[in-house]
Amino acid sequence: MSTSTSLADRVIEQVKKQYPDAIECSIIDHSDGCGAKLELTIVSDTFRGMPLLKRHRQVNSLLKEKGLWEELHALQVVAWTGEQWEKKKGGVGV
């Protein structure tokens, strides 16, 4: 694995390649020295009609396929459609 870029950078790079039309694609690194803890937000209409568990599995499978999964200690995934994102931004519960 490359040591010149952080795990968070490598994860977001792969996610952006997988979801090139994402409305929002961001990552927050909450690592505290006890392993990599990342919070990943992906907003894409690719998720429309897809159950939440399937969305998470799709993201997890991508990271496993790219060899990044084993480096993670914890991963929080927010995988929303554009409609869900707009509701959240508007202060309406999702």
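Our structure's up above, just so we're on the same page.
Small disclaimer: the values here were computed from a predicted structure and weren't measured.

## Quick word on the overall build of the chain
Here is step 1: Per the secondary structure count, the chain includes three helices and three strands.
Here is step 2: Seen in sequence order, the chain has helices and strands lined up from the N terminus as α-β-β-α-β-α.
Here is step 3: Along the longest, intermediate and shortest principal axes, the C-alpha atoms of the chain span 40 × 25 × 20 Å.
Here is step 4: Going through the 94 residues of the chain one by one, you find that 34% of them count as buried.

## Regarding the pattern of salt bridges
Here is step 1: On inspection of all chains with the given rule, the structure shows seven salt bridges.
Here is step 2: Of the charged contacts in the structure, one is a salt bridge between Lys-17 and Glu-13, with a shortest N-O distance of 3.5 Å. Of the two residues, Lys-17 and Glu-13 both sit in helix α1 (residues 7-18), four residues apart, roughly one turn of that helix.

## Thoughts on the pairing of strand β3 (residues 72-80)
Across a regular strand the side chains alternate sides, sitting on one face of the sheet and then on the other.
Here is step 1: As judged from the eight bridges shared by strand β2 (residues 36-43) and β3, these two strands associate in the parallel manner. Bridging from a neighbouring strand, Glu-39 pairs with Gln-76 of β3.
Here is step 2: Handedness of the crossover joining β2 and β3 through helix α2 (residues 52-65) is recorded here as right-handed.

## Looking at the pairing of strand β1 (residues 24-29)
Here is step 1: Across six bridges, β1 lies against β2 in antiparallel orientation. Each bridged residue has a counterpart across the sheet, and for Asp-29 the counterpart in β2 is Leu-38.
Here is step 2: Hairpin connection between β1 and β2: a loop of six residues separates the two successive antiparallel strands, and Gly-33 in this loop has a positive phi of roughly 95 degrees.

## Digging into the sheet that holds β2
Here is step 1: Read across the sheet, three strands follow the order β1-β2-β3 without closing on themselves; strand pairing throughout is mixed. A single partner strand is all that each edge strand has here, and the edge strands are β1 and β3. Here the strands of the sheet are splayed against their neighbours by 15 degrees on average, with no regard to which way each runs.
Here is step 2: Along the sheet, α2 contacts β2 and β3; its crossing angle with β3, the most-contacted strand, is approximately 130 degrees.

## Some points on the packing of aromatic side chains
Here is step 1: Throughout the structure, instances matching the rule amount to two aromatic pairs.
Here is step 2: Each ring, one from Tyr-19 and one from Phe-47, has its centre 5.3 Å from the other, and the planes form 45 degrees; the classification is tilted. With a gap of 28 residues between them, Tyr-19 in the loop between α1 and β1 and Phe-47 in the loop between β2 and α2 connect regions that are remote in the sequence. Here the two residues Tyr-19 and Phe-47 agree in accessibility, since each one is buried.
Here is step 3: Judged by centre distance (6.0 Å) and plane angle (50 degrees), the rings of Trp-80 and Trp-85 are tilted.
Here is step 4: If you follow Lys-64 out to its NZ or CZ, it ends over the ring of Trp-69, 5.1 Å from the centre.

The rules behind each value
- Residues numbered from 1 in each chain as written.
- Predicted model: local features only at pLDDT ≥ 70, side-chain atom pairs only at ≥ 80, totals over all residues.
- Heavy atoms only, no water.
- Helix = DSSP H or I, 4+ residues; strand = E, 2+ residues; numbered from the N terminus.
- Buried < 20%, exposed > 50% of the residue type's maximum accessible area, 1.4 Å probe, protein only.
- Salt bridge = Lys/Arg side-chain N within 4 Å of Asp/Glu carboxyl O.
- Pairing = 2+ DSSP bridges.
- Right-handed = clockwise from strand over helix to strand, strands pointing away.
- Axes fitted to C-alpha atoms, helices over the stretch in contact; angles between N-to-C directions.
- Contact = heavy atoms within 4.5 Å.
- Phe/Tyr/Trp six-rings, centres within 6.5 Å; stacked < 30°, edge-to-face > 60°.
- Lys NZ or Arg CZ within 6 Å of the ring centre and 35° of its normal.

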